[in-house]
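# Secondary and tertiary structure notes
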Amino acid sequence: MLGARGGWQALRRCCCSLPRAQRGVRLRVREALGAREPVGEVKVQGWVRSVRSQKEVLFLHINDGSSLESLQVVADPSLENRDLTFGSAVEVEGKLIKSPHKMQNMELKAETIRVVGPCDIWSFPLKMKERHPLEYVRQFPHLRCRNNTLSSLLRIRSEATAAIHSFFQDNGYVHIHTPIITSNDCEGAGELFQIETTNEARESAEKTHFFNVPAFLTVSGQLHLEVMAGAFTHVFTFGPTFRAENSQSRRHLAEFYMVEAELSFTESLQDVMQVMEDLFKTATNTVLSKCPRDVELFHKYVAPAQKDRLEQMLKKKFVTISYNEAVEILKQASQTFSFKPEWGRDLQTEHEKYLVKHCGDVPVFVINYPYNLKPFYMRDNEDGPQHTVAAVDLLVSGIGELCGGSLREERLPFLESRLQRYLDLRKFGSVPHGGFGMGFERYLQCILGVDNIKDVIPFPRFSHSCLL
């Protein structure tokens, strides 16, 4: 006699010995659509995108998020039930067969359809065959991933993330997990979220900090990367950053993702700029090859002119101009700006967009900014009365600034007059180095032509809004 445990093991061996076709091969929609030959018994799970019942046949289209295209299911009308509606979750078993239609290669001939989760179509805010504006679906952060545009965006984000990691790893960079909680303000702008425990927040008297010092959500991983650049010549990080900017504009988020890199033994700003350009072009070409239909959706319905602009960005060498040249171009422009361009003042978004258009919609590097405009860590050019630093901003069409970088000031005497806390890194084996940061959401806006930054991130956080 077999004991209980032995009986279960015998039953499991018996089940596992069944031919694969007998139990049904589980396929994702993308796999089913890409199949070259018919498959016997298969199982597909997903959400219903459309239902059409005729006298002799029932048509469904189901999607599981693996592709923009949905899989057509052909079934006997007897399999229809009242819970089989748009938005419902289903499990379909049957045979994958060649489709007679030119629009898709394969279709699923259903033998059983099980409604796993019904959907009340009357209260469901997304409607079948309706192209909802991005502003409308933004109201439903828990449901907008079921919208075609947002599901395409999320697949593109996933591939772009993988492409960026691959670029750095293929070029010998070490990935560093920089902390989200920090005690410094890298940018020096003061727009930080301070961290407190719930007990600290309730105390009205003088506080004892959890970390013994005030702590904040990071605005940049750069200073921590500089630490690591003292042991590894090439490092990068890719993670969330936070800015407490009281803005609800199309350009700002309180939480967003940054790609940042540091290169040691680098004495030329051109070296940093070349990495920026190579990263942009390599990652974008990868996204275009991996997600052609998803990108096409944006270029067809969201930003029809973006496809041609993106082709020019990838084809042409990025333009380089100095800050001095940029100011002169702006002063001679026939356009009237809200902010008058003057030497010694920062470039505004309207100025950045004009410069890109002036240069033929090709990305533009603006280099050598005035010393007083940039943070303490940027390398002094020692260039006389104008006094500039080795800084660079990469400007792109429709967005303005995409990347910001610089050579870092590695010379101890130059830093002693600016900032005391960072001097140790310059005392012990300091080397010339430089780096940059790229806003991931702005990158996605750039390649897809999306106007509002809130539409390229799954759960946008901004002033007065933290839904879900």
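See above for the structure.
Residue positions are given per chain, counting from 1 as you read along its sequence in written order. Where totals are concerned, whole chains, interfaces and linings use all residues; where local detail is concerned, this predicted model gives features only for residues with pLDDT of at least 70, and gives and counts side-chain atom pairs only at 80 or more. Excluding hydrogens and water, the side-chain figures rest on all heavy atoms present in the structure.

### Comments concerning the nonpolar core
For soluble globular proteins, nonpolar side chains are generally found buried alongside one another. Which entries qualify depends on this criterion: Nonpolar cores are built from buried Ala, Val, Leu, Ile, Met, Phe, Trp, Tyr and Cys residues. Side-chain atoms within 4.5 Å join them into one set. Accessible area is worked out with a 1.4 Å probe on protein chains only. A residue is then buried under 20% of its type maximum, exposed over 50%, and partly exposed in between. Contacts were defined at the residue level, with two residues in contact if any of their heavy atoms lie within 4.5 Å.
Core analysis: the largest hydrophobic core is formed by 57 residues, its most contacted members being I164, F168, F280 and Y443. Among all residues touching I164, those that are not within four sequence positions of it are F238, V259, L279, A283, M438 and F440. Of all hydrophobic cores here, the second largest spans 23 residues; its members include V25, A32, V42 and L96.

### Observations regarding helix 10 (residues 306-315)
How we decide: Runs of H or I in DSSP of at least four residues are treated as helices and runs of E of at least two as strands, each being numbered from the N terminus. Directions drawn from the helix axis to the C-beta atoms are what define this arc.
Buried within helix 10 we find Q306, L310, M313 and L314. With its buried residues spanning 90° around the axis, helix 10 presents them on a single face. Facing away from the buried side of helix 10, by more than 90 degrees, are the exposed residues D308 and K315. Taken together, the buried residues of helix 10 touch helix 8 (269-290), helix 9 (292-302) and helix 15 (440-448).

### Section: the side chain of H351
The condition is simple: Pairing of N or O atoms within 3.5 Å defines a polar contact, subject to two protein rules: one partner must be a possible hydrogen donor and the other a possible acceptor, and residues neighboring in sequence count only if both atoms are side-chain atoms.
Take H351: it is sitting in helix 12 (residues 349-358). Of the polar contacts made by the side chain of H351, one reaches the backbone oxygen of F339; its length is 2.7 Å. Every residue in contact with H351, bar those within four places of it in the chain, is listed here: L330, F337, F339, P341 and D346.

### What to know about the environment of S50
Tracing the sequence through the fold places S50 in strand 2 (residues 39-53). Residue classification places S50 among the buried positions, given a relative accessible area of 14%. In this structure the C-alpha to C-alpha distance between S50 and L84, which are 34 residues apart in sequence, comes to 9.8 Å. Among the polar contacts listed, one links the side chain of S50 to the side chain of H61, at a separation of 3.1 Å.

### Observations regarding the packing of aromatic side chains
Operational definition: Here a Phe, Tyr or Trp ring, Trp counted by its six-membered ring, pairs with any other such ring whose centre lies within 6.5 Å, and the pair is stacked when the planes are under 30 degrees apart, edge-to-face when over 60, and tilted otherwise. Any Lys NZ or Arg CZ that is within 6 Å of a ring centre and within 35 degrees of that ring's normal is treated as a charge sitting over the ring.
Enumeration over the complete set of coordinates arrives at 14 aromatic pairs. Judged by centre distance (5.3 Å) and plane angle (45°), the rings of Y323 and Y369 are tilted. Of this pair, Y323 sits in helix 11 (residues 323-331) while Y369 sits in strand 14 (residues 364-370); the two residues are 46 residues apart in sequence, bridging distant segments of the chain. Among the residues examined, Y323 registers a relative accessible area of 0% and is labelled buried. Among the aromatic residues, ring-to-ring pairing joins F238, F280, F318, F365, F440 and Y443 into one connected group. Over the aromatic face of Y369 sits the side chain of K374, whose NZ or CZ is 4.3 Å from the ring centroid. One Lys or Arg, K454, reaches over the ring of F462 and ends 4.7 Å from the middle of that ring.

### Quick look at the state of the cysteines
As a reminder of what qualifies: Our working definition of a disulfide is a cysteine sulfur pair at a distance within 2.5 Å.
Under the defined criterion, the tally for this structure stands at zero disulfides. A disulfide-free cysteine, C446 has its sulfur positioned 9.4 Å from the sulfur of C403, the nearest such atom.

### What about the environment of V219?
Relative to the helices and strands, V219 is located in the loop between strand 10 (215-217) and helix 7 (222-228). By relative accessible area, which is 3% here, V219 ends up buried. For the pair V219 and E255, spaced 36 residues apart in sequence, the C-alpha separation works out to 9.3 Å.

### Looking at the layout of surface pockets
Selection criterion: Think of a 1 Å grid over just the protein atoms. A cavity is a set of points where a 1.4 Å probe fits yet cannot get out, a pocket is an open set with protein on both sides within 12 Å along at least five of seven lines, and lining residues have an atom within 4 Å of a point. Grid points are joined across faces, edges and corners, and a volume is the space filled by probe spheres set on the points. When residues are sorted by character, Ala, Val, Leu, Ile, Met, Phe, Trp, Tyr, Cys and Pro go into the nonpolar class, Asp, Glu, Lys and Arg into the charged class, and all the rest, Gly among them, into the polar class.
Of the pockets and cavities examined, the largest pocket occupies roughly 1400 Å³. Around the largest pocket, the lining is made up of 39 residues, and of these R49, L68, E69, S70 and N148 lie nearest the centre. Of all the secondary-structure elements, those providing two or more residues to the lining of the largest pocket are strand 2, strand 3 (58-63), helix 5 (148-170) and helix 9. Looking at the lining of the largest pocket residue by residue, the class counts come to 16 nonpolar, twelve polar and eleven charged.

### Re the sheet that holds strand 10
Here is the rule: For two strands to be treated as a pair, DSSP must find no fewer than two bridges joining them.
The three strands lie next to each other as 8-10-9, forming an open sheet whose pairing is antiparallel. Unpaired on one side and paired on the other, strand 8 (181-182) and strand 9 (194-195) mark the two borders of the sheet. When strand 9 meets strand 10, the two strands line up antiparallel, connected through two bridges. What sits directly across from I195, in strand 10, is A215.

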